[in-house]
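# Structure assessment
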Amino acid sequence: MRKPSEIAYELLNLSQKEKEKYFIKLLNKKFIVHPNVFSPKFFNDTELFARYFPHIKKGTMLEIGTGIGAIAIFAILNGKMKKVIATDINQIAVKNAKENVQRYGLERKIRVIKSNMFEKFKKSKFDIIFFNAPFCFTKKKKLTVLEKALFDYNYKTLRRFIHNCKNHIRKNGHIFLGFSSFFGDFNKLTKIANHYNRRIKMVKSIVTKRKGQKVRLEILEII
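To keep things clear, this report deals only with the structure shown in the data block. Bear in mind that the values here come from a model prediction, so they are computed numbers and not experimental data.

A word on the pairing of strand β2 (residues 29-33). Along a regular strand, successive side chains alternate from one face of the sheet to the other. The sheet contact formed by strand β1 (residues 22-26) and β2 spans five bridges and is antiparallel. From the neighbouring strand, L26 faces β2, where its bridge partner is K29. Counted along the chain from β1 to the antiparallel partner β2, the turn is two residues long, and its residue L27 has a positive phi close to 50°.

By the burial criterion, the buried members of helix α2 (residues 45-52) are D45, T46, L48, F49 and A50. Next to the buried residues of α2 lie β1, α3 (70-77), β6 (126-132), β9 (169-179), β10 (200-210) and β11 (213-222).

Take the environment of S205 next. Checked against the element boundaries, S205 lands in strand β10. For S205, a relative accessible area of 33% puts it in the partly exposed group. With eleven residues separating them along the chain, S205 and R216 place their C-alpha atoms 6.9 Å apart. Those residues within four positions of S205 in sequence are excluded, and the remaining contacts are R216, L217 and E218. Within polar-contact distance, the side chain of S205 engages the side chain of R216 at 2.6 Å.

For the rest of this paragraph, the subject is the nonpolar core. Soluble globular proteins tend to pack their nonpolar side chains together in the buried interior. In terms of nonpolar packing, the biggest core is built from 76 residues, with M61, I110, F161 and L177 touching the most fellow members. Setting aside chain neighbours within four positions, we find F161 in contact with I64, M117, F118, I129, F131, I175, F176 and L177.

With that settled, the discussion passes to unusual backbone geometry. Here K80, not a glycine, exhibits a phi torsion of approximately 60°, which is positive. With respect to the secondary-structure elements, K80 resides in the loop between α3 and β4 (83-88). K80 gets classed as partly exposed once you look at its relative accessible area, which sits at 47%. We note that N172 has phi near 70°; this positive angle belongs to a residue other than glycine.

Overall, the coordinates contain 15 aromatic pairs when judged by the stated rule. On the numbers, 5.8 Å between centres and 45° between planes, the contact of F31 with Y104 is tilted. Linking F31 in strand β2 with Y104 in the loop between α4 (91-103) and β5 (110-114), this pair joins segments that are 73 residues apart in sequence. Classification of F31 as buried rests on a relative accessible area of 0%. The interplanar angle of 75° and the centroid separation of 6.2 Å between the aromatic rings of F135 and F179 together place this pair among those described as edge-to-face.

On to the packing of helix α5 (residues 156-164) against helix α6 (residues 186-195), then. Between α5 and α6, the shortest axis-to-axis distance is 9 Å and the interhelical angle comes to 35°. In terms of crossing hand, the pair formed by α5 and α6 is right-handed. Here L158, R159 and I162 of α5 lie close against α6, whose contacting residues are L189, I192 and A193. Looking at side-chain class alone, the contact of α5 with α6 contains five nonpolar, no polar and one charged residues.

The subject of this paragraph is the side chain of E18. Relative to the helices and strands, E18 resides in the loop between α1 (4-16) and β1. Only 2.8 Å separates the side chain of E18 from the side chain of K41, close enough to count as a polar contact.

Mapped onto the secondary structure, E119 falls in the loop between β5 and β6. Through-space distance from the C-alpha of E119 to that of N154 is 21 Å; in sequence the pair is 35 residues apart. A polar atom in the side chain of E119 sits 2.9 Å from the backbone nitrogen of N116.

Below, the discussion takes up the side chain of N90. Relative to the elements of secondary structure, N90 occurs in the loop between β4 and α4. A relative accessible area of 9% means that N90 is categorised as buried. Within the local environment of N90, its side chain forms a polar contact with the backbone nitrogen of I92, the two atoms lying 2.9 Å apart. What N90 contacts, discounting residues up to four positions off in sequence, is N36, V37 and V145.

Procedures and definitions
- Residues numbered from 1 in each chain as written.
- Predicted model: local features only at pLDDT ≥ 70, side-chain atom pairs only at ≥ 80, totals over all residues.
- Heavy atoms only, no water.
- Pairing = 2+ DSSP bridges.
- Helix = DSSP H or I, 4+ residues; strand = E, 2+ residues; numbered from the N terminus.
- Buried < 20%, exposed > 50% of the residue type's maximum accessible area, 1.4 Å probe, protein only.
- Contact = heavy atoms within 4.5 Å.
- Polar contact = N/O pair within 3.5 Å; in protein donor to acceptor, adjacent residues only side chain to side chain.
- Core = buried A, V, L, I, M, F, W, Y, C linked by side-chain atoms within 4.5 Å.
- Phe/Tyr/Trp six-rings, centres within 6.5 Å; stacked < 30°, edge-to-face > 60°.
- Axes fitted to C-alpha atoms, helices over the stretch in contact; angles between N-to-C directions.
- Left-handed = near helix turned anticlockwise from the far one by under 90°.
- Nonpolar A, V, L, I, M, F, W, Y, C, P; charged D, E, K, R; others polar.

Below you can see the structure in the form of structure tokens.
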């Protein structure tokens, strides 16, 4: 059986070979994908998280790591969220997400900006925070922007998210994390949560297939 990290890098390499914009369909909606953006063509977590996401109607949402912007768009179209701020550290992804937001005429409801985690939201609070996390644990320190969508050096990004997210959630709000116990290390994640006196609640567990192997994806709530 192949190692999850080998499968992750193979999918990432396939994604990096795309040199032109192309369209994909997610939940019967078309989205454009730019080169050098985390692509649902190769990683189906975006579609599955969008399908099963537990929305709060008429609330406000912060999405960290929006990629092509699909989850933010479905949060408005299907989840009936009032407003979404979608962020990414990849400037190409920001441009890509804006293009998809414009395709669906949602510029007034979705704001897309470049931001590293909560750096642009020192005092802002939201009803929902969602982070489609880079769930692959790695010891590799130097990562490309695209690699950072999937790999997290010593889980420093996850650690920072769990440490800071409580400062940006409203009373009775919900903090959700997109994760994969197949590609990631659930035990390490649990230890990080315990370190910050938080606990992890399973919201949805999804089994899919990638490269002939069963892959488990999870939507988790940080409590």
